[in-house]
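Okay, here's what each chain looks like letter by letter:
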Amino acid sequence: MSERDKKIVIIGSGPAGLTAAVYAARANLDPLLIEGFEAGGQLMLTTEVENYPGFVDGIMGPALMEQMRKQAARFGTEYLTQNVTSVDLSERPFRINAGDEVITAATVVVATGAQAKMLEVPGERELLGHGVSTCATCDGFFFRDKELAIVGGGDSAMEEATFLTKFASKVTVVHRRGSLRASKILQERAFENPKIDFVWDSTITRISGNGKVDAVHVRNLKNQQEHDLSVDGVFVAIGHIPNTHLFSHSLELNQGGYIVATGDGTQTSVEGVFAAGDVVDFRYRQAITAAGMGCMAAIDAERYLDGIGMSH
Ligand code: NAP
């Protein structure tokens, strides 16, 4: 067991964590960023990113994360590649266990992100970024005049189905029940849209395509009949899971399990612990908004350290 003591520890290595690291490092706080074995967050699962400002011709998701990682390193961010196994936020300094290390920290930025729930059917992982997407805002643009399927019956699915009709010629919603979970207004908007069709009581059992999606296989759960639907893309909108299991006993979480920012900015229910990105934000979920929150968290942490006389 080795021990080290830091002013600031950032947990998570997506856009929120890495932006927090850039700001904390440039504020001379000598940050440690714990990046986990699956570093880089959700952008590591995407292909082309065209909506991150500054990249006129777009950039691949993993390349963007690599750039951010190098930028934070340039100013002295230290990285630890370990999964955090437990945190103790009940005492100061806070204690973080990762691998065989115990790290104590005056302040912590939690940027552990969220994961899109997946269908876990054949073809889904292989074709992720090649027609399978979990983000209509990010990828809708690539499907001009194409036919799409979207899975889910909640607010996200209805909002995304409606959004996708700006580009697609047809959007088929595949929902596992006979009625939607989404709020009435979003339901009505989708029902009234002539480009949206519904396939009820059904699930997608397989996604097929050679290098890119060309069809989904749909099973009716009432009569077990199957049919193929020719589509160029499939959007999975069945919810997200925030990565908050480490904090379930120490930080206030909302009903969906997201960390609650308790006041202005990124402060959590424990003073000195800040949260940024998709682990708090279930509304916008964009790389750029996560990065913005990471910047906010680093500034909030710096001010907190200033307040307790530890910023120098
Ligand atoms: P959600 O409300 O949990 O809905 C998930 C949908 O996916 C449900 O219809 C569910 O079916 C279906 N589903 C779940 N697992 C599935 C599986 N394995 N296979 C097939 N279908 C599956 O998630 P969400 O739509 O992402 O919304 C999350 C939260 O954000 C909600 O509180 C929502 O109100 C909020 N939100 C609000 C807005 C807005 O107000 N504009 C927009 C987006 C999200 P069942 O219905 O059968 O359970």
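Reading the values: rules and limits
Residues numbered from 1 in each chain as written. Predicted model: local features only at pLDDT ≥ 70, side-chain atom pairs only at ≥ 80, totals over all residues. Heavy atoms only, no water. Pairing = 2+ DSSP bridges. Helix = DSSP H or I, 4+ residues; strand = E, 2+ residues; numbered from the N terminus. 1 Å grid on protein atoms, 1.4 Å probe; cavity = no way out; pocket = protein on both sides within 12 Å on 5 of 7 lines; lining within 4 Å. Points joined across faces, edges and corners; volume = space filled by probe spheres on them. Nonpolar A, V, L, I, M, F, W, Y, C, P; charged D, E, K, R; others polar. Core = buried A, V, L, I, M, F, W, Y, C linked by side-chain atoms within 4.5 Å. Buried < 20%, exposed > 50% of the residue type's maximum accessible area, 1.4 Å probe, protein only. Contact = heavy atoms within 4.5 Å.

Asks: Would you take a moment to explain the sheet that holds strand S17 (residues 233-236) for this structure?
Replies: Sheet strands line up and pair through hydrogen bonds in the backbone, either parallel or antiparallel. Strand order in the open sheet formed by 5 strands is S10-S17-S11-S12-S13, and the pairing between neighbours is parallel. Each end of this open sheet is capped by a strand with a single partner; those strands are strand S10 (132-133) and strand S13 (196-199). Alignment of S10 against S17, held across 2 bridges, turns out to be parallel. Each residue of the ladder has a partner; that of Val132, found in S17, is Val234.

Asks: Would you mind going over the layout of surface pockets with me for this structure?
Replies: Summary: where empty space remains is shown by rolling a probe the size of a single water molecule over the atoms. Its volume calculated, the second largest pocket comes out at about 190 Å³. What lines the second largest pocket is simply Leu18, Thr19, Val22, Tyr23, Tyr52, Phe55, Leu64, Gln67, Met68, Gln71 and Cys295. Those elements that place two or more of their residues in the lining of the second largest pocket are helix H1 (15-26) and helix H2 (61-74). Its residues placed into classes, the lining of the second largest pocket shows 8 nonpolar, 3 polar and no charged.

Asks: Please explain the nonpolar core as it appears in this structure.
Replies: A general trend in soluble globular proteins is that nonpolar side chains are found buried together. Within the largest apolar cluster, 58 residues are counted, with the highest numbers of intra-cluster contacts made by Ile34, Ile96 and Val110. For this core, the element with the highest residue contribution is helix H6 (residues 287-307), accounting for 9 residues. Discounting chain neighbours no more than four positions away, the residues touching Ile96 are Val9, Ile11, Ile34, Val84, Ser86, Val87, Glu101, Val102, Ile103 and Val108. Counting residues in each nonpolar core, the second largest holds 19 residues, with Phe143, Leu148, Met158 and Leu186 among its members.

That is the geometry; function is a separate question.
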